[in-house]
Amino acid sequence: MKKINIRFKVNGRQADLNIAPNKRLLDVLRDDLGLTGTKEGCDIGECGACTVVLNGRAVHSCLILAAQANGAEIITVEGLTQNGELHPLQKNFLEHGAVQCGFCIPGMLLSSYALLKENPHPREDDIKEAIAGNLCRCTGYKQIIQAVEAAANENNE
Amino acid sequence: MADSKIIKSKYFFEEDFTEELAEVSANKYADWNKKELKVVGKPVSRVDGYDKVSGSAVFTFDVILPNMAHAKTLRCPHPHAKIKRINTKKAEKIPGVLGILTYENAPKISWYGKSFLFDPHLRYEGDEVAFVAAENERIAEQALKLIEVDYEILPFVTDAAEAMKKDAPKLYDDGNIRGGKPSVYERGDIDKGFEEASAVAEQTYKTQVEIHNPTEPHCSVVNWDGDYLTIWDSTQGVFSVRDRVADVLKLPASRVRVIKKYMGGAFGAKLEAGKYTVMAALLARKIGRPVRIALDRREMNLSVGNRPDSVQKLKGGATKDGRLTALYQYSYGAAGAHPAGAGCSWALRTMYLCPNVKTEEYTVYINAGRARPFRAPGHVQGFFALEALIDELAEKIGMDPLEFRIKNHTDRDQVFDAPYTSKLLLDAYRVAAEAIGWKNRPQPAGSDAGPLKRGIGMSSQIWWGGGGPPAYATLKLNRDGSVRIIAGSQDIGTGTYTILAQVASEVLEIPMEKVEVLLGDTAVAPYCGSSGGSTTAPSVSPAVRDAAEQMKAKLLSGAAAHLNVSESQLVYRNGVIHTKGKNKKSMTIREIARKMGERVLVTTGKREANPDGYAINSFGVQFAEVEVDTETGKVSVKKIVAAYDIGRVLNPKTLENQIHGGIIQGLGFALFEERIIDRNTGKVLTTNLHDYKLPTVKDTPQIDIRIVSKGDSKISNTGVKGVGEPAMIPTPAAIGNAVYNAIGKRIKSLPITPDKVLTALQS
Ligand code: FES
Ligand code: FES
């Protein structure tokens, strides 16, 4: 298969890649860029573990070919921390006990991040809607909602 | 100091008793007084939280080694077949394919008792046919497609009732019933018991197959360094994996190292070495490269475990004044294609006071993936049936179901005829009944006007959860006064890192930041059991306390030597040791450690023996409030009140996580999770997370938790009982009883789907 060139920004940094055209965005992030914070749980857009933010929207990186992200701006869980400081969402996830095994958490964080960008004052139902596609088998759902609410409040202060 | 002895230790782990020799601590420490504790019992945030929210946590799934190859497994597409011929030539020729294993070239390693690592007799859809390593997963997948297999298709059976029939297709030469006969338990005389009864209820209940579906796939990364094998594994038991792999590969255990730092859940599905791990090790040695194998979601739904189904015929008798006189259970469940437990009678045997009990359980082989322990194996199924029967009996004799349960409360374990170390179930009933508003439930059942009908139901629960020895923990004190705990246990997402750090921080009176915990590494850690059976906190936390208390004694002795005083003149407070009285002299831990030069002080703590002559169990009750839409048949769970006697709570935050997690898994089991097999083709229809329905945030009810216990000092120096499994046991039963209370019709099989509700309403 002939390789193609693509470039996009990940967590504020330019990435120039020469890759097989059938690679998923998830593979490029994890295997080519070493950003293993983004997880894979199902490969068909059902679990949300692979969620990243692409041009401001939460997307399943297992369903997107890397080439489709050409020219895009992408944020992964590694990009939420700024200068060693946890993002308010991360801090509140930690403090509210929203994290158990942690495997679903990067996806949860990015779905919530996209939500708060679009809607800084979400109601509980908005939060539920935003993370309904993120499965947590340890099911700290209530704590996750509380953490998102607390982060929204902090942002709005 | 550091007294120990070796005893025969016996306690319940998941499905059976484990019995082994264990070195135990004979040190006695003062009971912890909840009011005086500074760290234990406090809502401390997870010490591994930062790694997990920042994305830096490396799960087994994320382990990348230089030159690592990727593996994939070819699985049998038929429910029952034999390999007549297999040809891998074409697949081998694909550029990037590094090696292929099949039954023809792999060593014959015995597996599942009567089968092999690669067995040409394939007994279920998903059975392993070949294992390919390649430069990447995509190439490995292409290679799978080019492996040519001629299958002899055999007749199959995918239903336990069918499989028990004489003329059913056989999975093994000696038939489909495991052991050839039922497992029977009997006490008293049930015929006499039923004669004494003034009311008898008889009913058949069914539960479905549930799949664990942890978020992190089953995976291993293996690497050979000469004949030294290192395995990063997503496992609940690093020592169990090490021992199995060393055995089958005929390596000294000292040459196998198993590491697990973070894992994305398991719930019982990752308690033993996977075939995939051994296959990866064999192929890695052959190709001279590290190999990574990660199962995909389809494979996880086919091949690595499930909660077996159950058909339970129950009969119970009671006197007019509410005394149980007899309980009888006849049940069967499908182990899948290989030996596994499918029993569910412990509920009936242990929960209520009843002199006459008999249970007969059949475990049956069928052509489907093998069962594994799943969060409270047997109990979740057993309680669904028992608690429904109890409600039916209560109704027959016209007694309040809660009162009926209280009447049949027992302070002794009736199977082993021993008192419980503690049992505060009556308190739990009281607080939970009040919190849910038990008195205000619709009476009679189904009397709400509708179309949305509200109902309240309850279920008790009992689980083992006492843990026991052997469990060891090493504590190392660094020269700056910080410490590291090393234990061969594992944190499967439950918070083990955090609770163990809390225990050391409490004893040594040093901040949590000064305590590091290393778990899940067989090369450096002393032995602990697998993380299952709700035994981790009750088994390992006392070993850590023992290690920390020994360290404290060492520090006191060091300070006494340096200050030229006797130890009795010294007081230890907040990590500082001072002399009593006037002219106080003092030393910090750090100063003592520095005086000892570069040496690292080390202690090893051990879990003490469980008390002789007692039964140790966790107890609890859940009340569920549901709303049933009588037009659509949809059941919504509005609220669960959960009250527990689980000894001491080490950390209310991780406790809340455990209880929520158990309840929501129980809710999923009650309402929608189900593995479905097409009877005509023998194939599983629910192999992805679209068809297999897991609960989402939208299904989450309000959850109210009440803990009625403070600590059980009879068990151990930390007084902890397990909660992971108790959290799930009563949920489906409580929901089932609540649905009955709402609509006045009983749904006797799980999951309670809208079609079943509508059918029941029309009957
Ligand atoms: S891996 Fe993308 S949604 Fe599950
Ligand atoms: S924290 Fe384990 S799956 Fe969400």
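A quick note: this is a predicted structure, and the numbers were derived from the prediction, not measured.

Reading the values: rules and limits
Residues numbered from 1 in each chain as written. Chains lettered and ligands numbered in written order. Predicted model: local features only at pLDDT ≥ 70, side-chain atom pairs only at ≥ 80, totals over all residues. Heavy atoms only, no water. Domains from an automatic or database assignment. Contact = heavy atoms within 4.5 Å. Buried area = accessible area lost by both parts, 1.4 Å probe. Pairing = 2+ DSSP bridges. Helix = DSSP H or I, 4+ residues; strand = E, 2+ residues; numbered from the N terminus. Axes fitted to C-alpha atoms, helices over the stretch in contact; angles between N-to-C directions. Core = buried A, V, L, I, M, F, W, Y, C linked by side-chain atoms within 4.5 Å. Buried < 20%, exposed > 50% of the residue type's maximum accessible area, 1.4 Å probe, protein only. Salt bridge = Lys/Arg side-chain N within 4 Å of Asp/Glu carboxyl O. Polar contact = N/O pair within 3.5 Å; in protein donor to acceptor, adjacent residues only side chain to side chain.

1. A closer look at the domain arrangement of chain B
Residue and element names in this part refer to chain B. Along its sequence, chain B is organised into domain 1 (4-29 + 467-606) and domain 2 (63-154 + 213-303). Computed over C-alpha atoms, the centres of domain 1 and domain 2 are 38 Å apart. On the side of domain 2, 18 residues touch domain 1, which itself brings 19 residues to the contact. The largest per-residue losses of area from domain 1 upon contact with domain 2 belong to I492, Y497 and T522, which jointly make up 39% of the total buried on that side.

2. What to know about the sheet that holds strand β12 (residues 199-207) of chain B
Residues and elements named next belong to chain B. Pairing in this open sheet of 5 strands is mixed, and the strands run β11-β19-β18-β17-β12 from one edge to the other. The open sheet has two edge strands with one neighbour each: β11 (183-187) and β12. Ignoring strand direction, the axes of neighbouring strands in this sheet form an average angle of 10°. With 5 bridges joining them, β11 and strand β19 (residues 357-365) adopt antiparallel strand pairing. Residue pairing across strands places E186 opposite K358, the latter belonging to β19. With respect to the sheet, helix α10 (residues 379-396) is in contact with β12, β17 (310-318) and β18 (324-336), its orientation differing from that of β12 by roughly 150°.

3. Here's the deal with the nonpolar core
Among the nonpolar cores identified, the biggest contains 186 residues, and F93 of chain A together with L555, F623 and I735 of chain B are the most heavily contacted of them. For this core, the element with the most residues is helix α14 (residues 536-563) of chain B, which contributes 12 residues. Not counting residues up to four positions away in its chain, the partners in contact with L555 of chain B are L477, L508, Y572, I577, I589, I592 and L601 of chain B. Judged by nonpolar contacts, the second largest core, of 40 residues, contains A69, A71, Y276 and L295 of chain B.

4. Overview of the pairing of β18 of chain B
Residue and element names in this part refer to chain B. Counting buried positions over the 13 residues of β18 gives 11, a clear majority of the element. By the bridge criterion, 8 bridges tie β17 to β18 in an arrangement that is antiparallel. Across the sheet, the residue bridging to K313 is Y330, located in β18. Where β17 folds back on β18, the antiparallel hairpin that results is connected by 5 residues, among which G322 adopts a positive phi of roughly 95°.

5. Side note on the interface of chain B and chain A
The interface of chain B with chain A comprises 50 residues on the first partner and 44 residues on the second. Note on chain B versus chain A: buried area summed over both sides is about 3800 Å², and carbon and sulfur give 58% of it. The largest contributions to the chain B side of the interface with chain A come from V53, T215 and V697 of chain B, which together make up 18% of the buried area. Taken together, the links from chain B to chain A amount to 6 salt bridges. Between D62 of chain B and K39 of chain A there is a salt bridge, and its shortest N-O distance comes to 2.5 Å. At the junction of chain B and chain A, the tally comes to 21 residue pairs in polar contact (both at pLDDT 80 or more). Residue assignment for the side of chain B that touches chain A shows that the elements contributing at least two residues are α1 (49-54) and α16 (652-671) of chain B.

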